[in-house]
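# Secondary and tertiary structure notes
Chain by chain, the residues run as shown.
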Amino acid sequence: MRAPAQSFILSLALAGAVLASPAAGQEPASPPAPQPQGAAPAETRIGLIYRVQPQPSSYDAEAPPEDEGLAGARMGIADNNTTGRFTKQAYALDEAALSEGGPSAAEAARALVAKGTKYLVLALPADEVLAVADAVKDTGAVVFNAAAPDDRLRGADCRKNVFHVVPSRAMQADALAQYLTLMRWRKIFLIVGPNPADKLYAEAVKNAARKFGLKITAEKPWTFGPLAKARGDTPTRAEAMVFTRGLDYDMVVVADEAGDWGDYVPYRTVDPRPVAGTQGLVATTWSPVLETWGAAQAQNRFRRLAGRLMRPLDYQVWASVRAVGDAATVQKGSDPAAIAPYLTDPAFSLPAYKGVSLTFRPWDHQLRQPLIVVQPKMLVSVAPEQGFLHQRTPLDTLGTDLPETTCKFP
């Protein structure tokens, strides 16, 4: 005979079993549906179209690394995803490396857009930037120019779907001219290389000189060949002395974008004068010597990621990728139809280790940004310099201002 307590427990168990059993002719109850997991973050794909840098056949300490620009894109994607973990957004990089005989830049861009990549960062020259912009103009894709400094891309050849992160030549020349004005080094000896890009840079220097009241007291073409890359001193030092003799100037400004000879000029002039322009003292977006405004943290992160120092193109590509990420964070989505107009909205700003937030000019889509004036081992100054005022922002004292622009968006 069972004890009363055991009988009571058995009765409760049997009653529970009856209540849980399906009635005759009914299907057993389905198990509880699993709780829905959090939706996967929406993925934004950003494409980088670039050309792999050919490696020199012999030793060249200044040869660009093979991943120049690409490493900046990868750090930008990593930074975007760090923020995206909190905003339920994810970012991925599509790499399109162009090669001889392969697809053109425009074909690569169309292929990326066809598979859903709506943001394209270009580390390409001006003509290819225009070709890509025109190839994708009806797709809603947004293009970022990270490498072509040509002023015409911000002027007569501007495109509404292109945003320029690399500074124009006018901005570079203005930054240098402001520093020369500050130092009262008003007389310039301009040396111009043989390449078309050298002539464009020289024209920007002439415009900056007029703008800031400097005087070009002498201008000469460089005719001695690529001495900075030569193995040995082919023309004698006496020839270089003749080249600079009898001139009155405070500063030599060299126009050598290819880096063929500009580094040969310092310390070889007859009179002891500093050298600036494309070599010597330069105005640029980034340099390993930049440490302020949190830049040292970025320098260290990049070095851990890439195993080398960050170069200007790396920074410009990184800033392009981050512009997409910051805009998407605020807009809570990455629809290009919402992002593109927001980039020129006064509410948009990009923190980018420059001491101020960066913004895009609505009249030509150029990124406003301070430029650092540096020599190889030291930060010398930051443009815009103090005392150069503007009704909107001192940043608009660098480059083409609204009253001067020839850009006409449709």
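Residues numbered from 1 in each chain as written. Predicted model: local features only at pLDDT ≥ 70, side-chain atom pairs only at ≥ 80, totals over all residues. Heavy atoms only, no water.

### Section: the side chain of Thr285
Worth spelling out the cut-off: Strands here are runs of E lasting at least two residues and helices are runs of H or I lasting at least four, both read from the DSSP assignment and numbered beginning at the N terminus. Burial classes follow relative accessibility: with a 1.4 Å probe on protein chains only, a residue under 20% of its type's maximum area counts as buried, one over 50% as exposed, and anything between as partly exposed. Think of a polar contact as two N or O atoms within 3.5 Å of one another; within protein, one of them needs to be a possible hydrogen donor and the other a possible acceptor, and neighboring residues in sequence only count if both atoms come from side chains. In this description, contact between two residues means that some pair of their heavy atoms is separated by no more than 4.5 Å.
Looking at the element boundaries, Thr285 is found in the loop between strand E10 (282-284) and helix H8 (295-306). On the accessibility criterion, Thr285 (1% relative accessible area) is buried. Side-chain polar atoms of Thr285 contact the side chain of Gln316, separated by 2.8 Å. Apart from residues lying up to four places away in sequence, Thr285 is in contact with Pro167, Pro312, Tyr315, Gln316, Lys354, Gln369, Leu371 and Ile372.

### Remarks on the environment of Pro54
With respect to the helices and strands, the residue Pro54 is situated in the loop between strand E1 (42-51) and helix H2 (70-87). For Pro54, a relative accessible area of 67% gives the class exposed. Between the C-alpha atoms of Pro54 and Pro64, which are 10 residues apart in sequence, the distance is 8.5 Å.

### Structural notes on the packing of helix H9 (residues 312-331) against helix H10 (residues 336-343)
As a reminder of what qualifies: Lines fitted to C-alpha atoms define the axes here, with helix axes fitted over just the stretch in contact, and angles between the N-to-C directions of these axes take values from 0 to 180 degrees. Roughly parallel means an angle under 35 degrees; roughly antiparallel, over 145; roughly perpendicular, 65 to 115; everything else is oblique. When residues are grouped by polarity, Ala, Val, Leu, Ile, Met, Phe, Trp, Tyr, Cys and Pro land in nonpolar, Asp, Glu, Lys and Arg in charged, and all others, Gly among them, in polar.
Two elements in contact, H9 and H10, have axes separated by 10 Å at closest approach and are oriented at 110 degrees. Judged by the inter-axis angle, H9 sits roughly perpendicular to H10. Residues Ala323, Ala327, Ala328, Val330 and Gln331 of H9 form the contact with H10, whose own contacting residues are Ala338, Ile339, Tyr342 and Leu343. Residue composition of the contact of H9 with H10, by class: 8 nonpolar, 1 polar and no charged.

### Looking at the packing of aromatic side chains
Operational definition: Each aromatic pair joins two rings of Phe, Tyr and Trp (for Trp, the six-membered one) with centres within 6.5 Å, and gets the label stacked for planes under 30 degrees apart, edge-to-face for over 60, and tilted for any other angle. For a Lys NZ or an Arg CZ to count as sitting over a ring, it must be within 6 Å of the ring centre and within 35 degrees of the ring normal.
With the rule as written, the count across this model stands at 17 aromatic pairs. Where Phe189 meets Tyr249, the ring centres are 5.2 Å apart and the plane angle is 55 degrees; that geometry is what we call tilted. Of the two residues, Phe189 sits in strand E6 (residues 187-192) while Tyr249 sits in the loop between helix H7 (237-244) and strand E8 (251-255), which places them 60 residues apart along the sequence. Three or more aromatic residues link up through ring pairs in this structure, and these residues are Phe189, Trp222, Phe224, Phe243, Tyr249, Trp261 and Tyr264. Against the face of Tyr264 rests Arg268, its NZ or CZ located 3.8 Å from the ring centre. One cation-aromatic arrangement involves Arg273 over Tyr249; the distance from NZ or CZ to the ring centre is 6.0 Å.

### Considering the pairing of strand E14 (residues 371-375)
Keep this limit in mind: Following DSSP output, two strands are said to pair if at least two bridges run between them.
Summarising burial for E14: 4 of the 5 residues are buried, a large majority. Bridging between E10 and E14 involves 3 bridges; their strand directions are antiparallel. If you follow Ala283 over to E14, its bridge partner there is Val373. When E14 meets strand E15 (residues 378-383), the two strands line up antiparallel, connected through 5 bridges. Across the sheet, residue Val374 finds its bridge partner in E15, namely Leu379. In this antiparallel pair of consecutive strands, E14 and E15, the connection spans 2 residues.

### Examining the sheet that holds E14
Taken together, the 3 strands give an open sheet; going across it, the order is E10-E14-E15, and neighbouring strands pair in antiparallel fashion. Among the strands making up the open sheet, the edge pair consists of E10 and E15. Taking each pair of neighbouring strands and ignoring which way they run, the sheet shows an average axis angle of 30 degrees.

### So, the nonpolar core
Note the following rule: We define the nonpolar core as a collection of buried residues of types Ala, Val, Leu, Ile, Met, Phe, Trp, Tyr and Cys that are connected through side-chain atoms lying within 4.5 Å of one another.
Formed by 48 residues in total, the largest nonpolar core has its most connected members in Phe144, Leu343 and Phe360. At 10 residues, H9 tops the list of elements feeding residues into this core. Sequence-distant contacts of Leu343, that is, excluding residues within four places in its chain, are made with Val142, Phe144, Phe163, Ala323, Ala327, Phe348 and Phe360. In terms of nonpolar packing, the next biggest core, distinct from the first, is built from 29 residues, Ile188, Met251, Ala283 and Phe388 among them.

### A closer look at helix H6 (residues 196-212)
Quick reminder of the rule: Multiplying 1.5 Å by the residue count of a helix minus one yields the expected span of that helix. Along the arc lie the directions from the helix axis toward the C-beta atoms.
The end-to-end C-alpha distance of H6, which contains 17 residues, comes to 25 Å, matching closely the 24 Å that a straight helix rising 1.5 Å per residue would cover. Within H6 the residues assigned to the buried category are Asp198, Tyr201, Ala202, Ala204, Val205, Ala208, Ala209 and Phe212. With its buried residues spanning 155 degrees around the axis, H6 presents them on a single face. For H6, exposure combined with an orientation more than 90 degrees from the buried face picks out Pro196 and Arg210. Packed against the buried residues of H6 are helix H5 (169-183), E6, strand E7 (215-221), E8 and strand E9 (275-277). Gly213 occupies a position one or two residues after H6 and carries a positive phi of about 75 degrees.

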